[in-house]
Structures are given as structure tokens and as C-alpha cells.
Amino acid sequence: ELQGVANLFLPHYSGEFGRTREEAQAHVEEASKHKGVVLGAYSPRCDGGVKHSMLETWYSTLFSFAKNYNMDVDLHIDEHNDPKYDHLALVAMCNSLEKARADGFTRYVVLGHCTALSLGLEGSDDHEDNKRRALKVAWAKNITVVINPFTNLSLQDRQGTRSPIGVELKPIGEPRTPRWRGIAPIQELVAVGVPVVAASDNVRDWWYAYGDYDMLQVCSQAIHLGHLDSSLVIPTLHKPEATSEKPATLTTSPNPLGTCSSTWLALGGLWAANAMGLTNPTAGKDFDVNELLSLCIFDARSSVELLSRPHIDRLVVAAGQLVQESLPSFDELDDIVATPTKVDWESDQEVRRGGSKVSKIT
């Protein structure tokens, strides 16, 4: 399944940073005309000229739009390496969301990245207490966190990172192997009841030059990077009734032996479907006769065997029909990737993310 996200830079919804409120209104109205499309925003880092009070105003405006047009929200948030608790946009977002929930906003809210949550989170004498505060804040607001294992493993802790997209890494101009895996704290989030899912994000673009949108690879990478094969808890997602607009809830059960559980494969399956607000009538029950089936079939007898190979020989059935069994040739993509896309920039501003930078094309 694909879900469209109508993105704007977060301040644009409030008519700031070079955009008007009328333009934001037109953006939302157009997005609302397309079934399944959600409102999205790129959240700036809370540092320097961006204060929590500004972020709360911008988030409140976004949630107001989402409430008025009955739309879900998808946020790109805290994708950086700044460990300070006071620099987390998540804190301002949760304050605004709490007010929006009290005002009647019930739709899904998805947070992409949240990489900074994995760091020390300085800002008090007890760093660990700050981390737990952030996680509990997230849990209390009925949200889902989306980790992007490939993109953020590649972007975070990359030499070249500097303000405004993160804390400058040193040494500069010398060989430096990354020290950090760059993913959100999956186990800690799940342990306090925050649903977590996995996604590809970037594939063969400026920010991540590799990948193939293979959800098996994405799940495998998340399990490996997050050491989920030895997690001390096993999550269980409880989906509400199909007619409910409330997000799913998550509970955990102890896993004292730290054994691998196939449950984590739902990072790219059932849990992701719930984050998108999709219904799954076959989940948790037997298949019905004459029902059109959609599934993937792998040559594996266990989750360990499933995660040990790429399984390019898998069988894919969509709506009861076996789809093409072989992968398309790369030359079918030549017309898309062979020639760099030229962009008409409205200013000389550079676009930065992780250690990568895109400058104005001349």
C-alpha cells in the first residue's frame, strides 16, 4: 500500500518563512480532495532562532487544519544528532497535540525518524530521567513512531554534519568512522507502549543512494540494528474496531530469555498498516473460502531463516493473482536516474540533511 503525504515546512502552515496563510489553506484544501492523503510537515530543529513557543504555535495550526478537514498527520521530526532535551521538537509537538486532543482532534499522528531520542538527552543532572520523560510524553499522546533504519544509519553521525541540521562532528577533514547507529530507541519506545513501525524513507535519491523498497530488508535491518532478536519484551498490538478513529494500543509481555520473536516482523506489516489507518479484516482469524488473498510466500521455516537471505525467489500474491516472479532490470529505471533532476530554486538557500548537502543548481 502507498499513502500520499501532502508536505509543507511546518512554519508554512502558519503563513511564515516565505509563505502566506492563504497558501497553506489552499494546500490543505487540495490535499483533502484526495482520498487517503494525509497532512505532513517537516519540523525544524528547536535551536537558535527556533523556540518551543514558536513550534507549539506552528503545530497547533497544523493540528487545527487536520481537525477541520478530518485528516491524519505525518511529521518529519527530530532527525538530528543534538542530544539536548530542550532541543527536541517532540516536546513542543506533544504540548500542542495534548491541546488538540482536548479540542476534539482524534485522527492518527505519525512521527518519522526521532533519531535524537537515542542520544544522551542532556539538560538535567539525570540524563536517563530526561530520556524517560521524553518517551512517556510520546506514549501519552497516542502516536506511532516510524523508524527508517537504512536512511538514518546512512545519514546520522556522517562526517559533514553541522548546523542547522545538527551538531557539528569532529574531527573535520580527517577519517572518521561513525559511532552511532542513527535509529530511534525502538526497545524503549515499545517498553512504554509507543507503537513503532519501520519504513524505507529514501531510496536511490540525494539522501540514500541504495535500496529497493523491500520491506523484508527494512524489517531485517531494524531487527539487527535494534538488537530486537534479544529484546527483553515482546510487543502485542491491539487494534481498535474498524469504525474507530483512535490509534491502536500496544502492550508488552516479558521475554526474560531474550529469545528472537517473529512478532517483530510486524514492524513492516500489521503494525505499519495500523499506523496508516488501514483495516485488516483477516488479522487474527482464519482465512475465508473464496476470499481474495494478498500475501508473500518465502522459502523459510523460521524467522531466523527468513532474515538470513534476501529471498528474491519469494512469491507475491495480490488480490488472488500471482504477480511477476522476477525483479525488473535496472535498465528499466534508466530514464529516471540516469540524468539528474534539475530544480528551479526560489532562493540560494542550501538544503541540508545529515552530512549531505544540496546546493542551488546553476
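Use the structure listed above.
For clarity, every value in this text was computed on a predicted model and none was experimentally measured.

Draft legend 1. Geometry of the sheet that holds strand β11 (residues 321-322). The three strands are arranged β9-β10-β11 in an open sheet whose pairing can be described as antiparallel. The open sheet has two edge strands, β9 (295-297) and β11, and neither has a second partner. Pairing of strand β10 (residues 315-318) with β11, which is carried by two bridges, proceeds in the antiparallel orientation. Paired with A318 across the two strands is Q321, which belongs to β11.

Draft legend 2. Molecular detail of the pattern of salt bridges. The final tally for this structure, using the stated rule, is seven salt bridges. The shortest N-O distance in the salt bridge between K33 and E30 comes to 3.8 Å. Relative accessible area serves as the criterion here: at 39%, E30 is assigned to the partly exposed category. The salt bridge involving D214 is made with R314; its shortest N-O contact spans 2.9 Å.

Draft legend 3. Quick look at the packing of aromatic side chains. Applying the stated criterion across every chain, the model contains nine aromatic pairs. Seen from their ring centres, W264 and W271 are 6.0 Å apart, and the 75° between their planes marks the pair as edge-to-face. A residue is classified by how much of its surface remains accessible, and W264, at 2% relative accessible area, is buried. Overall, W271 belongs to the buried group, its relative accessible area being 7%. Ring pairing ties together the aromatic residues F9, F17 and W58, which thus form one cluster.

Draft legend 4. Looking closely at the environment of S308. Of note, S308 is situated in the loop between α9 (303-306) and β10. Sequence spacing of S308 and S220 is 88 residues, and the spatial spacing of their C-alpha atoms is 8.7 Å. At 2.6 Å, the side chain of S308 forms a polar contact with the backbone oxygen of V304.

Cut-offs used in this document
- Residues numbered from 1 in each chain as written.
- Predicted model: local features only at pLDDT ≥ 70, side-chain atom pairs only at ≥ 80, totals over all residues.
- Heavy atoms only, no water.
- Pairing = 2+ DSSP bridges.
- Helix = DSSP H or I, 4+ residues; strand = E, 2+ residues; numbered from the N terminus.
- Salt bridge = Lys/Arg side-chain N within 4 Å of Asp/Glu carboxyl O.
- Buried < 20%, exposed > 50% of the residue type's maximum accessible area, 1.4 Å probe, protein only.
- Phe/Tyr/Trp six-rings, centres within 6.5 Å; stacked < 30°, edge-to-face > 60°.
- Polar contact = N/O pair within 3.5 Å; in protein donor to acceptor, adjacent residues only side chain to side chain.

Bear in mind that shape data such as this cannot, by itself, settle questions of function.
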